[in-house]
Amino acid sequence: MNNGTRSRSRPEYIPGHIPDPCYIRILDTTLRDGEQAPGAAMTAEQKLRIARQLAKLGVDVIEAGFPSASQEDFNAVKMIAEEVGKKCNDDEYVPVIVVICRCNEKDIRTAWEAVKEAKRPRLMPFIATSPIHMESDREFLYEIFGDVIKAGATTLGVGDTVGITMPLEFGKLIADIKANTPGIENAIISAHCHNDLGHATANTIEAARAGARQLEVTINGIGERAGNAAFEEVEEFSGMHLQPHKAIVGDNAFLHESGIHQDGLLKHRGTYEILSPEDIGYERSSGANMVLGKLREDEIESVFRNFKAMAEKTKRVTDVDLKALVSDKVSDVEPIWKLGGLQVTCGTLNFSTSVKLVSIDSSTHVACSVGKGPVDSAYKAVDLIVKEGVKVVEYSLNTVTEGTDAIATVHVVVRKENMNSHKSTLTENIIYPTFSGIGKGVDVVVSSVEAYLTALNKMLHFKE
């Protein structure tokens, strides 16, 4: 990756040399070190999908795993090497696929068998040189690096394995290695930093400033203990949820509360945004997607009062919340459908729910459906009765008390969905309004259905 302009092309890949002195290779180790984070284990198929995304992002080197660790790891690496390691990107570049192995013949042979089908395979043997693992000093480190370069090594990995080094210290270490290692002009220094003291990213940047030309990172900084230097992007497969204030990818990264900031952003986004959210895959909210309907002056004032009350309680009001506030005011009328009762069957074999609804004319309607869970099956049963195309845009569940008898509050936002399989040119670009509903009670399924019906009734009244 490039620390200059985006138009600068990727230099030709040469294992131990980068023709462009300003170019820095990015090695992503999410699939190996990142998976060592507690709770972040991934299947072989998930690893393959992440590797595909890393290739799309333009990662120079993908560390695919540790083939000797298990048969599952071996299979995952082999899949990645045979697919991602052979497929060219738009600029005709194929990422390097690298795997780690211990310095013994069995590990090295296993690693090679897993990665050899890649167009640019690489092995990364590792050996300890730290004072804890063996008595050593800087001179010994220079000697070791010099010897492995003579033996054919093209990249030297320097790790702050326990994340204890300060940025200036790590930068000096890289500079000393570059100045004192025999044959260093024939190899690339790679930095691998952990985040135990919160310095991983800072140490990695200092390493680059001192001469490292390959930086080892993980998606969202996940990894052993406190993690690694962060590359950013996804959390779905790792299961490691992001704090809202996390830089770049957190929910709050592109939210602005100050009125002065909001005014500046409306005039020019660059006033208070150092990069565009679209650059990292976010969809920017657009006023064109807000459907307000026909509101009277008193209704507008009511919506604004509710908006201020919500802002005081939650400190953050999203586009979905604004749409819900408007839909609440537009559809404050008698419900068309009410819940008459429901029965849930749970177990390891399937989930089914029977729902009885009472219509506005007091007639009763019953339907049963199966689904991925009791809430999903209940919603499907409601849909069988109502016979309207509905899409759940948002579903959230919170408890306001403690214990097994806690009161659950369910918030649902829905939107009309076109039920026709063949959409016409006129209908496929229609932006339908959203409608919200809230349900409260000790029974989560009942509360969920109540919330769904509230939102659904609003949608039906709006349609009429």
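Residues numbered from 1 in each chain as written. Predicted model: local features only at pLDDT ≥ 70, side-chain atom pairs only at ≥ 80, totals over all residues. Heavy atoms only, no water.

Observations regarding the pattern of salt bridges
Here is step 1: Under the defined criterion, the tally for this structure stands at 14 salt bridges.
Here is step 2: The shortest N-O distance in the salt bridge between arginine 10 and aspartate 60 comes to 2.8 Å. Taken together, the residues arginine 10 in the segment before strand 1 (25-28) and aspartate 60 in the loop between helix 1 (44-57) and strand 2 (61-65) connect sequence positions 50 residues apart.
Here is step 3: Notably, a salt bridge pairs aspartate 73 with lysine 47, separated by 3.1 Å at the nearest N-O pair. With a gap of 26 residues between them, aspartate 73 in helix 2 (residues 71-83) and lysine 47 in helix 1 connect regions that are remote in the sequence.
Here is step 4: Residue aspartate 73 is classed as buried on the basis of its relative accessible area of 13%. (Salt bridge = Lys/Arg side-chain N within 4 Å of Asp/Glu carboxyl O. Helix = DSSP H or I, 4+ residues; strand = E, 2+ residues; numbered from the N terminus. Buried < 20%, exposed > 50% of the residue type's maximum accessible area, 1.4 Å probe, protein only.)

Quick notes on the confidence of the model for the protein
Here is step 1: Residues of the protein with pLDDT of at least 70 account for 72%, and the chain-wide mean is 79.
Here is step 2: In this model residues 1-7 is a low-confidence stretch, pLDDT under 50, and it forms 14 contacts with partners more than four residues away in sequence or in other chains. (pLDDT = per-residue confidence, 0-100. Contact = heavy atoms within 4.5 Å.)

Remarks on the packing of helix 5 (residues 167-180) against helix 6 (residues 200-210)
Here is step 1: In the contact formed by helix 5 and helix 6, the axes pass within 8 Å of each other and the chain directions differ by 30 degrees. It follows from the interaxial angle that helix 5 and helix 6 lie roughly parallel. For the pair helix 5 and helix 6, the crossing hand works out as right-handed. Taking contact as the criterion, the partners of Pro167, Leu168, Phe170, Gly171, Ile174, Ala175 and Lys178 in helix 5 are, on helix 6, Ala202, Asn203, Glu206, Ala207 and Ala210.
Here is step 2: Residues of the contact of helix 5 with helix 6, tallied by class, amount to eight nonpolar, two polar and two charged. (Axes fitted to C-alpha atoms, helices over the stretch in contact; angles between N-to-C directions. Parallel < 35°, antiparallel > 145°, perpendicular 65-115°, else oblique. Left-handed = near helix turned anticlockwise from the far one by under 90°. Nonpolar A, V, L, I, M, F, W, Y, C, P; charged D, E, K, R; others polar.)

Remarks on the packing of aromatic side chains
Aromatic ring pairs are reported here in terms of the distance separating the ring centres and the angle at which the planes meet.
Here is step 1: Using the criterion set out here, one finds two aromatic pairs in the structure.
Here is step 2: Considering the side-chain rings of phenylalanine 66 and phenylalanine 126, the 6.2 Å spacing of their centres and the 75 degrees angle between planes classify their relative orientation as edge-to-face. Note that phenylalanine 66 is positioned in the loop between strand 2 and helix 2 and phenylalanine 126 in strand 4 (residues 121-126), a separation of 60 residues in sequence.
Here is step 3: On the basis of an interplanar angle of 10 degrees and a centroid distance of 4.0 Å, the ring pair of tyrosine 379 and tyrosine 452 is categorised as stacked. Remark: tyrosine 452 occurs in helix 11 (residues 444-463) and tyrosine 379 occurs in helix 10 (residues 374-386); sequence separation between them is 73 residues. For the pair tyrosine 379 and tyrosine 452, a shared accessibility class is recorded, and that class is buried.
Here is step 4: Across from the ring centre of tyrosine 93, 4.1 Å away, lies the NZ or CZ of arginine 10, which sits over that ring. (Phe/Tyr/Trp six-rings, centres within 6.5 Å; stacked < 30°, edge-to-face > 60°. Lys NZ or Arg CZ within 6 Å of the ring centre and 35° of its normal.)

Remarks on the pairing of strand 7 (residues 214-217)
Here is step 1: The two faces of strand 7 match: Gln214 and Glu216 on one face and Leu215 and Val217 on the other face are all buried.
Here is step 2: Pairing of strand 1 with strand 7 involves four bridges; the strand directions are parallel. From the neighbouring strand, leucine 27 faces strand 7, where its bridge partner is glutamate 216.
Here is step 3: Bridge count between strand 6 (residues 188-193) and strand 7: three bridges; the pairing is parallel. If you follow histidine 192 over to strand 7, its bridge partner there is glutamate 216.
Here is step 4: As a crossover connection, the stretch from strand 6 through helix 6 into strand 7 is right-handed. (Pairing = 2+ DSSP bridges. Right-handed = clockwise from strand over helix to strand, strands pointing away.)

Details of the sheet that holds strand 10 (residues 364-371)
Here is step 1: Strand order in the open sheet made by the three strands is 8-9-10, with antiparallel pairing throughout. Edge strands, defined here as strands with exactly one partner in the open sheet, are strand 8 (337-345) and strand 10. Taking each pair of neighbouring strands and ignoring which way they run, the sheet shows an average axis angle of 20 degrees.
Here is step 2: Direction of pairing for strand 9 (residues 351-359) relative to strand 10: antiparallel, over a ladder of eight bridges.

Section: helix 3 (residues 105-115)
Each α-helix turn comprises 3.6 residues. Residues three or four places apart therefore point the same way.
Here is step 1: Listing the buried residues of helix 3 in full gives Asp107, Ala111, Ala114 and Val115. For helix 3, the buried positions fall inside an angular range of 80 degrees around the axis, keeping them on one side. Turned more than 90 degrees away from the buried face of helix 3, the exposed residues are Glu105, Lys106 and Arg109.
Here is step 2: Buried residues along helix 3 sit against helix 2, strand 3 (96-102) and strand 4. (Arc of directions from axis to C-beta.)

Quick notes on the nonpolar core
Here is step 1: Counting 48 residues, the largest nonpolar core has Ile80, Val158, Phe170 and Ile177 as the members making the most contacts within it.
Here is step 2: No other element matches the five residues that helix 1 contributes to this core.
Here is step 3: The contacts of phenylalanine 170, once residues within four sequence positions are left out, are Val158, Gly159, Asp160, Thr165, Ala191, Cys193, Asn203 and Ala207.
Here is step 4: Of all hydrophobic cores here, the second largest spans 26 residues; its members include Ala378, Val382, Val386 and Val410. (Core = buried A, V, L, I, M, F, W, Y, C linked by side-chain atoms within 4.5 Å.)

Description of a nonpolar patch on the surface
Here is step 1: Together, Val392, Tyr395, Leu397 and Val444 line one region of the surface with nonpolar side chains, adding up to about 280 Å² of accessible area.
Here is step 2: Assignment of secondary structure puts leucine 397 in strand 11 (residues 390-399). (Patch = residues over 30% accessible without salt bridge, like charges linked within 9 Å, V, L, I, M, F, W, Y side chains within 5 Å. Areas by Shrake-Rupley, 256 points an atom, 1.4 Å probe, with all protein chains shown as cover.)

Looking at helix 2
Here is step 1: Given a rise of 1.5 Å per residue, 13 residues ought to cover 18 Å, and the 18 Å separating the end C-alpha atoms of helix 2 matches this to within 8%.
Here is step 2: Within the span of helix 2, buried status applies to Asp73, Phe74, Ala76, Val77, Ile80 and Ala81. When helix 2 is viewed along its axis, its buried side chains cluster within an angular range of 165 degrees and face the same direction.
Here is step 3: Tucked into the core, helix 2 has its buried residues touching helix 1, strand 2, strand 3 and helix 3. (Expected span 1.5 Å × (residues − 1).)

Concerning the sheet that holds strand 3
Here is step 1: The parallel open sheet is built from seven strands, whose spatial order is 4-3-2-1-7-6-5. If you trace the sheet from one side to the other, it starts and ends with strand 4 and strand 5 (155-160), each paired once. Each neighbouring strand pair of the sheet contributes to a mean axis angle of 25 degrees, computed without reference to strand direction.
Here is step 2: In this sheet, strand 3 lies alongside strand 2 in parallel orientation, the contact comprising four bridges.

What to know about unusual backbone geometry
Of all residues except glycine, most have a negative phi; of all peptide bonds, most are trans.
Here is step 1: Phi at serine 362 is positive, roughly 75 degrees, even though this residue is not glycine.
Here is step 2: Here serine 362 is to be found in the loop between strand 9 and strand 10.
Here is step 3: Of note in the backbone geometry, lysine 387 takes a positive phi value of approximately 60 degrees without being a glycine.
Here is step 4: Residue classification places lysine 387 among the exposed residues on the basis of a relative accessible area of 61%.

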